[in-house]
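Now for the letters of each chain:
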Amino acid sequence: QVQLVESGGGLVQAGGSLRLSCAASGRAFTRYAMGWFRQSPGKEREFVAALNQSGGRTYYADSVKGRFTISRDNAKNTVYLQMNSLKPEDTAVYYCAADTSWGMPGKSAREYDYWGQGTQVTVSS
């Protein structure tokens, strides 16, 4: 069982920045590929970013490429999402997720086994 707890969401003006954190329980964190997803009201959950077990390979949705950066600190069992140049369309609940399959991180929510409770990000225009 893996527990994921997100933090760092909030209200920010367009053009601003936020850094989300996701703390994971357990000793096997280094085995997990990790991802960030987001969901807005009335929309399906969508992929934002992911990285592999070492953090050496990262993947981004086109909509956030160049603005968001995913990273991890395996010593702290934590994954981060640095969000810069935020836009109103980035407003959503952001979720972190763990893929425990030992494979490369995917872009489909179905590939992830554990999810956090989500943290709200609101970007005002």
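So, here's what we can say about the structure.

Quick word on the nonpolar core
And then number 1: In this structure, Met 34, Trp 36, Leu 81, Met 83 and Tyr 94 are the most contacted members of the largest nonpolar core, which totals 35 residues.
And then number 2: The set of elements that each furnish at least two residues to this core consists of β3 (18–24), β4 (33–39), β5 (46–51), β7 (68–73), β8 (78–83), β9 (92–99) and β11 (119–124).
And then number 3: When residues no more than four places from it in sequence are discounted, the contact partners of Met 83 are Gly 16, Ser 17, Leu 18, Leu 20, Arg 67, Phe 68, Tyr 94 and Val 121.

Brief notes about the side chain of Asp 90
And then number 1: Within the fold, Asp 90 resides in the loop between β8 and β9.
And then number 2: Of the polar contacts made by the side chain of Asp 90, one reaches the side chain of Arg 67; its length is 2.8 Å.
And then number 3: Within the structure, the side chain of Asp 90 is placed 2.8 Å from the backbone nitrogen of Lys 87, a separation counted as a polar contact.
And then number 4: In contact with Asp 90, not counting residues within four places along its chain, are Arg 38, Arg 67, Phe 68, Ser 85, Val 121 and Val 123.

Comments concerning the sheet that holds β3
And then number 1: Taken together, the four strands give an open sheet; going across it, the order is β1-β3-β8-β7, and neighbouring strands pair in antiparallel fashion. Edge strands, defined here as strands with exactly one partner in the open sheet, are β1 (4–7) and β7. The sheet shows a mean angle of 15 degrees between the axes of neighbouring strands, direction not considered.
And then number 2: Strand direction decides the pairing type here: β3 and β8, joined by six bridges, are antiparallel. Each residue of the ladder has a partner; that of Cys 22, found in β8, is Val 79.

The rules behind the values
Residues numbered from 1 in each chain as written. Predicted model: local features only at pLDDT ≥ 70, side-chain atom pairs only at ≥ 80, totals over all residues. Heavy atoms only, no water. Core = buried A, V, L, I, M, F, W, Y, C linked by side-chain atoms within 4.5 Å. Buried < 20%, exposed > 50% of the residue type's maximum accessible area, 1.4 Å probe, protein only. Helix = DSSP H or I, 4+ residues; strand = E, 2+ residues; numbered from the N terminus. Contact = heavy atoms within 4.5 Å. Polar contact = N/O pair within 3.5 Å; in protein donor to acceptor, adjacent residues only side chain to side chain. Pairing = 2+ DSSP bridges. Axes fitted to C-alpha atoms, helices over the stretch in contact; angles between N-to-C directions.

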